[in-house]
Amino acid sequence: MTPTLNLTINGTPQTIALDDPRATLLDLLRERLGLTGTKKGCDRGQCGACTVLVDGERVNACLSLALSQDGKHITTIEGLAEGEQLHPVQAAFIAHDGFQCGYCTPGQIMSAVGLIAEGEAGLDPERVREGMSGNICRCAAYAGITEAVLEATREMDTAAERKSA
Ligand code: FES
Ligand code: FES
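Note that the structure is a prediction, hence the values are computed from the model and not measured. (Residues numbered from 1 in each chain as written. Chains lettered and ligands numbered in written order. Predicted model: local features only at pLDDT ≥ 70, side-chain atom pairs only at ≥ 80, totals over all residues.)

Caption draft 1: Spotlight on helix α2 (residues 88-95). For α2, every residue scored as buried is listed here: P88, V89, Q90, A92 and F93. Of the surrounding elements, those touching the buried residues of α2 are α3 (105-118) and α5 (142-164). Remark: D97 follows α2 within two positions and exhibits a positive phi of approximately 50°. (Buried ≥ 20, exposed ≤ 12 C-beta atoms within 10 Å, placed from the backbone. Helix = DSSP H or I, 4+ residues; strand = E, 2+ residues; numbered from the N terminus. Contact = placed C-beta atoms within 7 Å.)

Caption draft 2: Expanded view of the nonpolar core. Ranked by internal contacts, the top residues of the largest apolar core, which has 41 residues, are A61, V89, I109, A112, V113, V149 and A152. Of the residues forming this core, the biggest block, six residues, is contributed by α3. Of the residues that make up this core, three or more belong to each of domain 1 (4-79) and domain 2 (88-164). Residue contacts for A112: discarding those within four places in its chain leaves V89, M132, V149 and A152. (Core = buried A, V, L, I, M, F, W, Y, C linked by C-beta atoms within 7 Å. Domains from an automatic or database assignment.)

Caption draft 3: The arrangement of the domain arrangement of the chain in detail. According to the domain assignment, the chain contains domain 1 (4-79) and domain 2 (88-164). For domain 1 and domain 2, the distance between their C-alpha centroids amounts to 21 Å. Taken together, the contact between domain 1 and domain 2 spans 14 residues of the former and 13 residues of the latter. Those elements that provide at least two residues to the side of domain 1 that touches domain 2 are β3 (51-54) and β4 (57-60). If one sorts the elements of the side of domain 1 that touches domain 2 by residue count, β3 sits on top with three residues. Its residues placed into classes, the side of domain 1 that touches domain 2 shows six nonpolar, five polar and three charged. (Nonpolar A, V, L, I, M, F, W, Y, C, P; charged D, E, K, R; others polar.)

As structure tokens, this is what we get:
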């Protein structure tokens, strides 16, 4: 019997018949659903290129069985912007040159969104670097990435303060 999976992906509920119960979340996103913004780097949990949010938490999609995510909310890089309006983390990566070739960038951005939501790193560059250490950049754009995460944190803090005032 073909297992069926219910996922909400970037806000849209989907029911998916899974031909192969061993499929990873990464392969499901890229190969079945065409969401190729999520990248496959190492396919073994070492590079972070495949980072997505599952119920708001950072997950390496290459290490996760799609079936194990039944009922969950998945956010990929395609789901961050609101129309033409970039997410503050996306805008900050552009402003601070947080990339060169761009291959690691979707994973870096998703990881940064998760890190900011965790609220553990705040505006401490060392803690930001530590919090982002699961995301490898072969172009070594780390200085820009750290600056981008710090700026996005400031932006989002300010926006939250304005909202609650
Ligand atoms: S592709 Fe998943 S961690 Fe490298
Ligand atoms: S921008 Fe090239 S791997 Fe990070």
